[in-house]
Amino acid sequence: MSKPKIGFIGLGLMGGAMAGRLQDQGYDLTVLGNTDRTYLDQAIARGAHEASNAKEVAEASDIVMLCMGTSDHVEGRMRGNEGVFAGLRKGATVVDFGTSLPASSRALAVEAEAAGGQFLDAPLGRTPAHAKDGLLNIMASGDMEAFKRVEPVLKDLGENVFHLGAVGSGHTIKLLNNFFGMTVANAMAEAFAMADLAGVDRGQVYDVMSAGPLNSGMMGFVKAYGVDNDPSQLEFAIKNAAKDVGYYARMAEDAGVDSIMVKGPLTALSEARDNGQADDMVSQMVDFYVNRFKA
């Protein structure tokens, strides 16, 4: 059987790696980027067709994939006279790989069905380095028949591909995951800064903590910068972390509850973003706490 035609919107660091992986696997791509053309031009050089708008992407594609920064960005590409819905093929499937608001995903799923297609939310775990080798974790949710149709493609992108239930469930679980991860990262970053104040060695702090039940991959990522001065182990910018934790806070508000735990990491990440560290990696929150304690 021939491979489905893929449309890919949003070729940033992660999306560019995913597009390259799809081309490695022999898929024909129609692509649409934003301001940075680095990965877009790489895909075009390998034979991808560049569309002029999202409608054109949809018209050429059996599966439309989006890997974008915010729910607003996704909605902007989906709606309007030049949006995906305007050109969606009958029976086509839209897959949102970004980290979006569950309520937004549910609304887009209704609109996709009205346009004759299906919408899956499928946020990602792991890094662009994993994406290059098809080793992502993919947290898909939505219509089961649509999922089954695109599952072979998702398995070319991911080592672990989950179907998590009704549309919006994937984004819900991703927000829970990122809230927890960013809470741990901030706690470790502050612990290193507090160690400085107390006059104890950061490396010894990590050695003791990681020898017990607190040990985790996230602790190791923060240690890579806080002790070894290597911020590249977790390629996740503070501005993106602030966005995701902010979405978790909005999800809590939509549920009518007051989250106690979200306030700390959201405040810290937002302050760091707004004070010159937006493009720093999350592990560099160590510097935020060090500087804050000096103030």
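Higher on the page you've got the structure.
Just so it is clear, the model here is predicted, and its values are computed rather than measured.

Asks: How do you make sense of the packing of helix α9 (residues 169-198) against helix α12 (residues 238-254) when you look at a structure like this?
Replies: To characterise two packed helices, one gives the angle between the axes of the helices and the distance between these axes. Closest axis-to-axis distance for the α9/α12 pair is 9 Å, and the angle between their directions is 120°. Comparing the axis directions of α9 and α12 gives the class oblique. When the axes of α9 and α12 are compared, the crossing they make is left-handed. Note on element contacts: α12 touches α9 through A241, D244, V245, Y247, Y248 and M251, opposite T172, L175, L176, N178, F179 and M182. Within the contact of α9 with α12, the residues separate by chemical class into nine nonpolar, two polar and one charged.

Asks: Just checking my understanding: could you explain unusual backbone geometry for this structure?
Replies: Trans peptide bonds make up the majority, and among non-glycine residues the majority have a negative phi. A positive phi angle, close to 85°, is found at R126, a residue other than glycine. Structurally, the position occupied by R126 is in the loop between β7 (124-125) and α7 (128-132). Of note in the backbone geometry, N229 takes a positive phi value of approximately 60° without being a glycine. With a relative accessible area of 57%, N229 lands in the exposed category.

Asks: I tried to follow the nonpolar core on my own but got confused; where do I start?
Replies: It is characteristic of soluble globular proteins that their nonpolar side chains tend to be buried jointly. Core analysis: the biggest nonpolar cluster contains 36 residues, and M182, V222, L269, V282, M285, V286 and Y289 have the highest contact counts within it. With nine residues, the single largest contributor to this core is α9. Excluding residues within four positions of it along the chain, V282 makes contact with M182, A185, L234, F236, A237, I238 and A241. Within the second largest apolar cluster, 33 residues are counted, among which are F8, A48, A122 and A146.

Thresholds, definitions, all that
- Here the residue index of a chain counts from 1 through its sequence in written order.
- Local features in a predicted model are, by the rule used here, given only for residues with pLDDT of at least 70; side-chain atom pairs are given and counted only at 80 or more, and totals for whole chains, interfaces and linings are based on all residues.
- Only heavy atoms go into the side-chain values, all of them from the structure, while hydrogens and water stay out.
- Every angle, taken between N-to-C directions, lies between 0 and 180 degrees, and every axis is a line fitted to C-alpha atoms, over only the stretch in contact when it is a helix.
- Helix and strand assignments follow DSSP, with helices taken as H or I runs no shorter than four residues and strands as E runs no shorter than two, numbered in order from the N terminus.
- Angle categories: roughly parallel below 35 degrees, roughly antiparallel above 145, roughly perpendicular from 65 to 115, and oblique for all the rest.
- It is the rotation of the near helix from the far one that decides the hand of a crossing: anticlockwise by less than a right angle makes it left-handed, clockwise makes it right-handed.
- Whether two residues are in contact is decided by their heavy atoms: any pair within 4.5 Å suffices.
- Lys, Arg, Asp and Glu make up the charged group, whereas Ala, Val, Leu, Ile, Met, Phe, Trp, Tyr, Cys and Pro make up the nonpolar group; the residues left over, Gly among them, are polar.
- Any residue under 20% of the maximum accessible area for its type is buried, any over 50% is exposed, and the rest in between are partly exposed; the area is computed with a 1.4 Å probe on protein chains only.
- The criterion is simple. A nonpolar core is a set of buried Ala, Val, Leu, Ile, Met, Phe, Trp, Tyr and Cys residues joined through side-chain atoms within 4.5 Å.

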